[in-house]
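# Fold and geometry: a report
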Amino acid sequence: MEYAVTEIPVNKINLGIPNYGYDWPLPYEKGVTKASTIGNVQAVQLAIEHGVVIGFDETAQSPYFTYIENGVEHEVWFEDVRSMQAKFNLVKEFSLRGMGYWQLMRLFLANWILLDEEFDIL
């Protein structure tokens, strides 16, 4: 973010907010392996179904987990309220113009509740 705000006026920057996750089969092979997009709620349901713990990467500020299905290991990265809070904090910290969501049609009610608590929506 520091590189962008030193090159572009902050009143011209909108932060992109993904409203989805990726489910990657492993091992990853460039040009061969393809991820599936999944909803954030669907990701949590998948972790519950497979009985796996959801971790949180402090550097990426994003939740993730791995599971095995039909002998294939999968790695899932998605958004939750912690990762959304981190993005909202960036908008405030750098006084960005705003933000825009990708994939609005995926249900993620917790995001909208947090958004309403953090910002005055115009």
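Structural notes, computed from the coordinates. (Residues numbered from 1 in each chain as written. Predicted model: local features only at pLDDT ≥ 70, side-chain atom pairs only at ≥ 80, totals over all residues. Heavy atoms only, no water.)

### A closer look at the pattern of salt bridges
The following threshold applies: Salt bridges, as used here, are contacts in which a Lys or Arg side-chain nitrogen is within 4 Å of a carboxyl oxygen on Asp or Glu. The buried label goes to any residue with under 20% of its type's maximum accessible area, the exposed label to any with over 50%, and the partly exposed label to all in between, with areas taken from a 1.4 Å probe on protein chains only.
In the structure shown here, the tally under the stated rule is three salt bridges. Between Glu79 and Lys87 there is a salt bridge, and its shortest N-O distance comes to 2.9 Å. Classification of Lys87 by relative accessible area gives buried; the value is 15%. One salt bridge in this structure joins Asp80 and Arg82, with 2.6 Å as the shortest N-O distance.

### Brief notes about the sheet that holds strand 2 (residues 21–25)
Our working rule: Strands are treated as partners if at least two bridges between them are detected by DSSP. In this description a helix means any DSSP run of H or I spanning at least four residues, a strand means any run of E spanning at least two, and both kinds are numbered starting from the N terminus. Note on method: axes are straight lines fitted to C-alpha atoms, helices fitted across the in-contact stretch only, with angles between N-to-C directions ranging 0 to 180 degrees. The contact criterion used throughout is that any non-hydrogen atoms of two residues lie within 4.5 Å.
Ordered by their spatial adjacency, five strands build an open sheet running 3-2-6-5-4, and the pairing between neighbours is antiparallel. Either end of the sheet is taken by a strand with one partner, and the two such strands are strand 3 (36–38) and strand 4 (55–57). The sheet shows a mean angle of 30° between the axes of neighbouring strands, taken without regard to direction. As judged from the six bridges shared by strand 5 (residues 62–69) and strand 6 (residues 72–77), these two strands associate in the antiparallel manner. Paired with Phe65 across the strands is Val76, a residue of strand 6. Helix-sheet contacts for helix 2 (residues 40–50) involve strand 2, strand 3, strand 5 and strand 6, and the interaxial angle to strand 5 is about 45°.

### Observations regarding the nonpolar core
Rules: Residues enter a nonpolar core if they are buried and are Ala, Val, Leu, Ile, Met, Phe, Trp, Tyr or Cys, with the set joined through side-chain atoms within 4.5 Å.
Met84, Phe88, Leu96 and Tyr101 are the most contacted members of the largest nonpolar core, which totals 13 residues. At the level of elements, strand 1 (14–18), helix 3 (81–93) and helix 4 (109–118) are the ones that each hand at least two residues to this core. Top element by residues in this core is helix 3. It accounts for three residues. Excluding anything up to four places from it in sequence, Tyr101 contacts Ile17, Asn19, Met84, Phe88, Asn111, Trp112 and Leu115.

### Some words on the pairing of strand 6
Both strand 2 and strand 6 contribute to a ladder of four bridges, which runs antiparallel. Paired with Tyr22 across the bridge in strand 6 is Trp77. Between strand 5 and strand 6, which pair antiparallel in sequence order, lie two residues; one of them, Asn70, sits at a positive phi of approximately 55°.

### Considering helix 4
Spacing of three or four residues puts side chains on the same side of an α-helix, whose turn is 3.6 residues. Just so we agree on the cut-off: The arc in question is the one traced by the directions running from the helix axis out to the C-beta atoms.
Listed in full, the buried residues belonging to helix 4 are Asn111, Leu114 and Leu115. Viewed along the axis of helix 4, the buried residues span an arc of 105°, placing them on a single side of the element. Opposite the packed face of helix 4, turned more than 90 degrees from it, sit the exposed residues Leu109, Asp116 and Glu117. Of the surrounding secondary structure, the elements contacted by the buried residues of helix 4 are helix 3 and strand 7 (98–102).

### Notes on a nonpolar patch on the surface
What counts is decided by this rule: Only residues whose relative accessible area exceeds 30% and that form no salt bridge enter a patch; like-charged residues are grouped when within 9 Å of one another, and nonpolar side chains (Val, Leu, Ile, Met, Phe, Trp, Tyr) when within 5 Å. Methods summary: accessible areas were calculated by the Shrake-Rupley approach with a probe of 1.4 Å, and residue burial reflects only the protein chains presented.
A surface patch of nonpolar side chains, amounting to about 330 Å² of accessible area, comprises Leu107, Leu109 and Ile113. Within the secondary structure, Leu107 sits in the loop between strand 7 and helix 4.

### A closer look at the packing of helix 3 against helix 4
The cut-off we apply is this: Any angle between 65 and 115 degrees counts as roughly perpendicular, while under 35 counts as roughly parallel, over 145 as roughly antiparallel, and the rest as oblique. The crossing is said to be left-handed when, going from far helix to near helix, the turn is anticlockwise and less than a right angle, and right-handed when the turn is clockwise.
Their axes nearest at 10 Å, the elements helix 3 and helix 4 cross at an angle of 30°. Classified by the angle their axes make, helix 3 and helix 4 are roughly parallel. Of the two possible hands of crossing, helix 3 and helix 4 adopt the one that is right-handed. Note on element contacts: helix 4 touches helix 3 through Ala110, Asn111, Leu114, Leu115 and Glu118, opposite Val81, Met84, Gln85, Phe88 and Lys92.

All quantities given are derived from atomic positions and should not be read as evidence of function.
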